[in-house]
Amino acid sequence: EAGVTQFPSHSVIEKGQTVTLRCDPISGHDNLYWYRRVMGKEIKFLLHFVKESKQDESGMPNNRFLAERTGGTYSTLKVQPAELEDSGVYFCASSQVETKGYTFGSGTRLTVV
Amino acid sequence: GDSVTQMEGPVTLSEEAFLTINCTYTATGYPSLFWYVQYPGEGLQLLLKATKADDKGSNKGFEATYRKETTSFHLEKGSVQVSDSAVYFCALSDPGAGGFKTIFGAGTRLFVKA
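Let me begin by describing the structure that accompanies this report. (Residues numbered from 1 in each chain as written. Chains lettered and ligands numbered in written order. Predicted model: local features only at pLDDT ≥ 70, side-chain atom pairs only at ≥ 80, totals over all residues. Heavy atoms only, no water.)

As for the packing of aromatic side chains
Part 1 of the reasoning: Under the criterion given, the structure shown has 15 aromatic pairs over all chains.
Part 2 of the reasoning: With a centroid separation of 4.2 Å and 25° between ring planes, the pair formed by Y33(A) and Y102(A) is classed as stacked. Placement of the pair is Y33(A) in strand β4 (residues 31-37) and Y102(A) in the loop between β9 (88-95) and β10 (103-104), with a sequence separation of 69 residues. This pair shows no difference in class: Y33(A) is buried, exactly as Y102(A) is.
Part 3 of the reasoning: Centre to centre, the rings of Y25(B) and Y66(B) are 6.1 Å apart; their planes meet at 80°, and the pair counts as edge-to-face. You can see Y25(B) sitting in strand β4 (residues 23-26) and its partner Y66(B) sitting in the loop between β8 (62-65) and β9 (75-77), a full 41 residues away along the chain.
Part 4 of the reasoning: When its relative accessible area of 7% is taken as the criterion, Y25(B) is described as buried.
Part 5 of the reasoning: Feature note: the residues Y33(A), Y35(A), F45(A), F91(A), Y102(A), F104(A), F34(B), Y36(B), F89(B) and F104(B) constitute an aromatic cluster, connected by ring pairs.
Part 6 of the reasoning: Directly above the aromatic system of Y74(A) lies the positively charged group of R22(A), at a separation of 3.7 Å from the ring centroid. (Phe/Tyr/Trp six-rings, centres within 6.5 Å; stacked < 30°, edge-to-face > 60°. Helix = DSSP H or I, 4+ residues; strand = E, 2+ residues; numbered from the N terminus. Buried < 20%, exposed > 50% of the residue type's maximum accessible area, 1.4 Å probe, protein only. Lys NZ or Arg CZ within 6 Å of the ring centre and 35° of its normal.)

Concerning the environment of E52(A)
Residues and elements named next belong to chain A.
Part 1 of the reasoning: Topologically, E52 is positioned in the loop between β5 (43-50) and β6 (53-56).
Part 2 of the reasoning: Taking the relative accessible area as the measure of exposure, E52 reaches 47% and is therefore partly exposed.
Part 3 of the reasoning: Once the C-alpha coordinates of E52 and R69 are considered, the two residues, 17 residues apart in sequence, prove to be 5.1 Å apart.
Part 4 of the reasoning: Leaving out residues up to four positions away in the same chain, E52 has contacts with R69, G71 and G72. (Contact = heavy atoms within 4.5 Å.)

Here's the deal with the state of the cysteines
Residue and element names in this part refer to chain A.
Part 1 of the reasoning: With the rule as written, the count across this model stands at two disulfides over all chains.
Part 2 of the reasoning: Between the sulfur atoms of C23 and its disulfide partner C92 the distance amounts to 1.8 Å. Between C23 and C92, the S-S dihedral sits near -65°, and the bridge is therefore left-handed. In this pair, C23 sits in strand β3 (residues 19-24) while C92 sits in strand β9, placing the two residues 69 residues apart along the sequence.
Part 3 of the reasoning: Judged by its relative accessible area of 0%, C23 falls in the buried class.
Part 4 of the reasoning: Of the residues examined, C92 reaches a relative accessible area of 0% and is grouped as buried. (Disulfide = S-S within 2.5 Å.)

Structural notes on the sheet that holds β8(B)
Residue and element names in this part refer to chain B.
Part 1 of the reasoning: Read from one edge of the open sheet, four strands run β3-β9-β8-β7, paired in antiparallel fashion. Sheet topology places β3 (19-21) and β7 (56-59) at the edges, where each strand pairs with a single neighbour. Across this sheet, the average inter-strand angle for adjacent strands is 15°, counted without regard to direction.
Part 2 of the reasoning: Pairing between β7 and β8: four bridges, direction antiparallel. Across the sheet, S58 pairs through a bridge with E63, a residue of β8. (Pairing = 2+ DSSP bridges. Axes fitted to C-alpha atoms, helices over the stretch in contact; angles between N-to-C directions.)

Considerations on the nonpolar core
Part 1 of the reasoning: Counting residues in hydrophobic clusters, the biggest one holds 26 residues, and the most contacted among them are L19(B), W35(B), L47(B), L48(B), F73(B), L75(B) and Y88(B).
Part 2 of the reasoning: Listed by contribution, the elements that provide at least two residues to this core are β2 (11-14), β3, β4, β5 (32-38), β6 (44-50), β8, β10 (86-93) and β12 (108-113) of chain B.
Part 3 of the reasoning: Per-element tally for this core: the top contributor is β10(B), with four residues.
Part 4 of the reasoning: Excluding residues that lie within four positions of it along the chain, L19(B) makes contacts with V11(B), L13(B), F62(B), L75(B), E76(B), K77(B), V80(B) and L110(B).
Part 5 of the reasoning: Formed by 21 residues, the second largest nonpolar core is a distinct cluster that contains V19(A), C23(A), L77(A) and V79(A). (Core = buried A, V, L, I, M, F, W, Y, C linked by side-chain atoms within 4.5 Å.)

Given below as structure tokens:
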């Protein structure tokens, strides 16, 4: 089966610009998660979709971040406008059952300059 | 709230050395515990997991035992290889805390020298 796909793999943008990250989960996985790792620190939860619904978005840092999952398939994470502290690696993961462990994508490395 | 603490790296070992990466956790419920690994240039991969006390997760020669009494889940391998060089993340998932998010530690980078 195909894994979790994220693109772009790298993005360099200027402060104030907009960037949209995309995640394609494993087919049939209702649960989709976004995480990010900033500056080599711990990987932090951003939000959790079950199908197209946001189950938990308690980790979203502020209203510059907008996540969508229209139709319950792929998801996008938009950062608008980007700030320097948004730089990091954004991971997407999917699972069938919430507590059995995830399958992660390779991540998108975002650099805001 | 729930948290995971793991030993700081980097850890540098010679090939065939014994590896231990310590991990302790705090949780309000009965979490499942995981070790994830990130090889250079790749995404995170689930290495092993344990879902209840005294369970031992194992994979690729790595082992970790869920110790409720010490709230620990230390990762061990008897003989490391150069190909084990990676970043290792300890993590927990605690639905009893009211959600299904996974809490990760900060990661421990392992370098194995030939």
